[in-house]
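Below are the chains, spelled out letter by letter.
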Amino acid sequence: RLLTGRLTDRTDDEFVLLRFDHWGVNTLVPPLLLLLAWVANLSPLGFFLKGFHVWMHEFGHATAAWMCGFRATPLPFGWTPVEPVHSHFVYGGLLALFGVLFIAGVKERKVWPMIAAAGLIGLQYYMTWVMSDLRQEFWWSAFGGVGGEFYLSTLFMMFFWVQLPDKFKWGACRYVFFFIGASAFLNIWLRWREVYRGIEEIPFGSMINGEDDQGGDMNKLMDGFGWSKFQIRRNYLMLGYGCWAALAVTWAVFALRL
């Protein structure tokens, strides 16, 4: 748009909360959303957020399975069936989506979508063609559920600062994703901090079949992969600390305008 003889930046007329280059939004909004999610989890609204927490767990299983080239369906009632046969459709479909993300980043000259797409393509190749079958099963069957609650929810929050291509309408959607991610992360972090301290027990069993289900994630870690109770407590606690560190570094990069 030509105005007073010069070309103006289109962000001049953009609502401030939708902008990615505003220091106040990048610095103040994420901590406020974290606080809001914490209050919401403690309030009666927390009951309605439990469904998102369960689904985050199931998507942890499913995303690991997809990256390994297996079909998986994350169901919202605590079960993710995985077909243990490699699917070229799943591998090719994900690869095509990552390619579309990369091309969109190139067309709009946004570097983060390009970096994310390239990283995901490399990770997909490694998990599908390099990892052993046993290691794949570890990620999608045993570790990925609770692990996904940690790292997927953290990615939901970290992508608040990432400017995706315009077609994603990410300027507004990122607030919803951050809130859901923050709610899920605080829920799983506070729970495993209590587990590490011995206030809560390790969640053996499964949601559908109860504590006696020997096919639960924690049961598989102990019986199938040789983890001790101490290793389970420590490793998930360390994963939580790592997620906090990644979130803090991302916040600092944008707060300091690096």
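Scoring rules and cut-offs
Residues numbered from 1 in each chain as written. Predicted model: local features only at pLDDT ≥ 70, side-chain atom pairs only at ≥ 80, totals over all residues. Heavy atoms only, no water. Helix = DSSP H or I, 4+ residues; strand = E, 2+ residues; numbered from the N terminus. Expected span 1.5 Å × (residues − 1). Contact = heavy atoms within 4.5 Å. Salt bridge = Lys/Arg side-chain N within 4 Å of Asp/Glu carboxyl O. Patch = residues over 30% accessible without salt bridge, like charges linked within 9 Å, V, L, I, M, F, W, Y side chains within 5 Å. Areas by Shrake-Rupley, 256 points an atom, 1.4 Å probe, with all protein chains shown as cover. pLDDT = per-residue confidence, 0-100. Axes fitted to C-alpha atoms, helices over the stretch in contact; angles between N-to-C directions. Parallel < 35°, antiparallel > 145°, perpendicular 65-115°, else oblique. Left-handed = near helix turned anticlockwise from the far one by under 90°. Nonpolar A, V, L, I, M, F, W, Y, C, P; charged D, E, K, R; others polar. Buried < 20%, exposed > 50% of the residue type's maximum accessible area, 1.4 Å probe, protein only. Arc of directions from axis to C-beta.

J.: Explain helix H2 (residues 45-67) residue by residue, including any values.
T.: The end-to-end C-alpha distance of H2 is 33 Å, a good match for the 33 Å that 23 residues give at a rise of 1.5 Å each. Where H2 ends, the next residue or the one after it, Gly-69, has phi of about 90°, a positive value.

J.: Give me the lowdown on unusual backbone geometry, citing residues and values where you can.
T.: For Arg-109, which is not glycine, the phi torsion reads 55° and is therefore positive. By the secondary structure assignment, Arg-109 is in the loop between helix H3 (88-107) and helix H4 (111-130).

J.: Tell me about the environment of Gly-46, and please be specific about residues and values.
T.: Position of Gly-46 relative to the elements: it lies in helix H2. The spatial distance from the C-alpha of Gly-46 to the C-alpha of Asp-217 is 24 Å, given a sequence separation of 171 residues. With sequence-adjacent residues up to four places away left out, Gly-46 is seen in contact with Ala-40 and Asn-41.

J.: Tell me about the pattern of salt bridges, residues and numbers included.
T.: In this structure the tally under the stated criterion is 3 salt bridges. Ionic pairing is found between Lys-110 and Glu-108, a salt bridge with its closest N-O pair at 3.0 Å.

J.: Give me a nonpolar patch on the surface: which residues, what numbers.
T.: On the surface, Leu-35, Trp-38, Val-39, Leu-42 and Leu-190 cluster together to form a nonpolar patch covering roughly 460 Å² of accessible area. It is helix H1 (residues 23-42) that provides the largest number of residues to the nonpolar patch, a total of 4 residues.

J.: Help me get a handle on the confidence of the model for the protein, residues and values and all.
T.: When the pLDDT values of the protein are averaged, the result is 91; 95% of them are 70 or greater. Predicted confidence for residues 1-11 stays below pLDDT 50, and this span has 9 contacts to residues more than four positions away or in other chains.

J.: Break down the packing of H1 against helix H6 (residues 170-197) for me, with residues and values.
T.: It is at 9 Å that the axes of H1 and H6 come closest, and there the two elements cross at 55°. Taken together, the axes of H1 and H6 are oblique relative to one another. The hand of the H1/H6 crossing is right-handed. For the pair formed by H1 and H6, the contact residues are Val-25, Asn-26, Val-29, Pro-30, Leu-33, Leu-34, Leu-36, Ala-37, Trp-38, Ala-40 and Asn-41 on the first element and Arg-174, Tyr-175, Phe-178, Phe-179, Ala-182, Ser-183, Leu-186, Asn-187 and Leu-190 on the second. The residue makeup of the contact of H1 with H6, split by class, is 15 nonpolar, 4 polar and 1 charged.

J.: Give me H3: which residues, what numbers.
T.: Over its 20 residues, H3 extends 28 Å from the first C-alpha to the last, a length consistent with the 28 Å expected when each residue adds 1.5 Å. Buried within H3 are the following residues: Val-90, Tyr-91, Leu-94, Phe-98, Leu-101, Ala-104 and Gly-105. Projected onto a plane normal to the axis of H3, the buried residues spread over an arc of 160° and lie on a single side. Across from the buried face of H3, at angles greater than 90 degrees, the exposed residues are His-88, Phe-89, Val-100 and Lys-107. On the buried face of H3, the contacting elements are H2, strand S3 (70-72), strand S4 (82-86) and H4. Positive phi appears at Arg-109, one or two residues downstream of H3, with a value of about 55°.

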